[in-house]
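One-letter residues, chain by chain:
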Amino acid sequence: MPLLLSVNIGRPRPNPAKPDTAGTGIDKRPVDHPVRLRAPGPKGTGLHSGLVGDAVLDTRHHGGDDQAVYAYGREVLDRWEQELGRTLSNGSFGENLTTSGLDVDGALIGERWRIGEEVLLEVSVPRIPCSTFAAWLDERRWMHRFTAAAVPGAYLRIIEPGEIRGGDPITVEHRPAHDVTVERCFRALTLDAGLLPGLVDIAELPEDVRELARRRTGADPAPYAPGDDEA
């Protein structure tokens, strides 16, 4: 059964990529106690993610209901460990949830996960790499390498709030009728503009992403350059 290996909470720290900002919460570490999840509200309206105690300092680009929780698979972190030749602990990519036995990048946009008994999450959009992520990893050409690998992990919105903790089971309760996965959506936004039309009618995507797909399918079909939006 898929499991939640750890819940990771961010520690505010200076942001070397943006020294004039309030800082970053990308430094996330596993905690050994239950954590409450609740919808944080629209982007830019608060200083927290969907996890109580997890700060969002760059509220222009991060946080909000459509980016309430960020999940990444331990199996993919293990592959990055081999490629980078360094240890990557749970939370190393700034993820709130480190999972096991769950194909995060193969999840459908709009797929719903039950974690433990209370919490229900919905896959909303892939993570787009940004300058903060590159500075945090401190790897040469990191945004381009991460983009080329097309294993971005998933942001999720909170459908039913509650508490979770490391070791909770994860159950996929719903899969939509379309075929747009997290990976496919990421490729459309970053690598293959020919996939953009397939995003326009996916109701579970954030409206700003659908509008971006409409715009780039028409007058400006160029895909994202990594770091453009820092979503």
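Now for a description of the structure that goes with this document. These numbers were taken from a predicted model, which means no experiment stands behind them.

What counts, and at which threshold
- Residues numbered from 1 in each chain as written.
- Predicted model: local features only at pLDDT ≥ 70, side-chain atom pairs only at ≥ 80, totals over all residues.
- Heavy atoms only, no water.
- Buried < 20%, exposed > 50% of the residue type's maximum accessible area, 1.4 Å probe, protein only.
- Helix = DSSP H or I, 4+ residues; strand = E, 2+ residues; numbered from the N terminus.
- Pairing = 2+ DSSP bridges.
- Phe/Tyr/Trp six-rings, centres within 6.5 Å; stacked < 30°, edge-to-face > 60°.
- Lys NZ or Arg CZ within 6 Å of the ring centre and 35° of its normal.
- Core = buried A, V, L, I, M, F, W, Y, C linked by side-chain atoms within 4.5 Å.
- Contact = heavy atoms within 4.5 Å.
- Axes fitted to C-alpha atoms, helices over the stretch in contact; angles between N-to-C directions.
- Salt bridge = Lys/Arg side-chain N within 4 Å of Asp/Glu carboxyl O.
- Parallel < 35°, antiparallel > 145°, perpendicular 65-115°, else oblique.
- Left-handed = near helix turned anticlockwise from the far one by under 90°.

Observations concerning the pairing of strand S7 (residues 119–126)
- Judged by how many residues are buried, S7 sits mostly within the fold: eight of eight residues are covered.
- Both strand S6 (residues 112–115) and S7 contribute to a ladder of four bridges, which runs antiparallel. The partner of Arg112 across the bridge, within S7, is Glu122.
- With antiparallel pairing between neighbouring strands as the criterion, S6 and S7 make up a hairpin whose turn holds three residues, including Gly116 at a positive phi of roughly 65 degrees.
- Pairing of S7 with strand S8 (residues 154–160) involves six bridges; the strand directions are antiparallel. Within S8, the position partnered with Pro126 by the bridge is Ala154.

Let's talk about the packing of aromatic side chains
- With the rule as written, the count across this model stands at twelve aromatic pairs.
- Through successive ring pairs, a cluster of aromatic residues spans Tyr70, Tyr72, Trp80, Phe93, Phe133, Trp142, Phe146 and Tyr155.
- One residue, Arg127, lies across the ring of Phe133, its end atom 3.7 Å from the ring centre.

Remarks on the nonpolar core
- Residues Trp80 and Phe93 are the most contacted members of the largest nonpolar core, which totals 60 residues.
- The leading source of residues in this core is helix H4 (residues 182–190), at five residues.
- Residue contacts for Trp80: discarding those within four places in its chain leaves Tyr72, Gly85, Leu88, Phe93, Trp142, Arg145, Phe146, Ala149 and Val151.

A short note on the sheet that holds S7
- Taken in spatial order, the eight strands make up an open sheet running S2-S1-S5-S4-S8-S7-S6-S10, and their pairing is mixed. The open sheet has two edge strands, strand S2 (28–31) and strand S10 (170–174), and neither has a second partner. Across the sheet, the mean angle separating the axes of adjacent strands is 40 degrees when strand polarity is ignored.
- Summarising the sheet, S6 and S10 pair through four bridges and their orientation is antiparallel. Its bridge partner being in S10, Arg114 is matched across the sheet by Thr171.
- Across the sheet, H4 lies against S7 and S8, angled at about 30 degrees from S7, the strand it touches most.

Considering the environment of Pro161
- In this structure, Pro161 sits in the loop between S8 and strand S9 (162–164).
- Accessibility expressed as a relative area gives 44% for Pro161, which makes it partly exposed.
- Residues Pro161 and Ala55, 106 residues apart in the sequence, show an inter-C-alpha distance of 18 Å.
- Excluding its chain neighbours within four sequence positions, the residues that come into contact with Pro161 are Arg36, Leu37, Arg38, Glu118 and Val119.

Focus on the environment of Ile9
- By secondary structure assignment, the location of Ile9 is in strand S1 (residues 3–10).
- Here the alpha-carbon distance between Ile9 and Pro152, two residues 143 residues apart in the chain, equals 19 Å.

Some remarks on the environment of Leu212
- Looking at where Leu212 falls in the secondary structure, it is placed in helix H5 (residues 207–217).
- A C-alpha to C-alpha distance of 34 Å links Leu212 and Val35, two positions 177 residues apart in sequence.

What about the pattern of salt bridges?
- Under the counting rule described, the total for this entry stands at 18 salt bridges.
- Between Glu139 and Arg86 there is a salt bridge, with its nearest N and O atoms 2.7 Å apart. Placement of the pair is Glu139 in the loop between helix H2 (131–137) and helix H3 (142–149) and Arg86 in the loop between helix H1 (74–84) and strand S5 (97–100), with a sequence separation of 53 residues.
- With a relative accessible area of 31%, Arg86 lands in the partly exposed category.
- Ionic contacts of the salt-bridge type, sharing partners, join the residues Asp66, Arg112, Glu122 and Arg157 into one network.

Focus: the packing of H1 against H3
- Remark: H1 packs on H3, axes separated minimally by 13 Å, with the N-to-C direction vectors making an angle of 130 degrees. Judged by the inter-axis angle, H1 sits oblique to H3. Relative to H3, the crossing made by H1 is right-handed. Across the interface between the two elements, Trp80, Glu83 and Leu84 from H1 touch Trp142, Arg145, Phe146 and Ala149 from H3.

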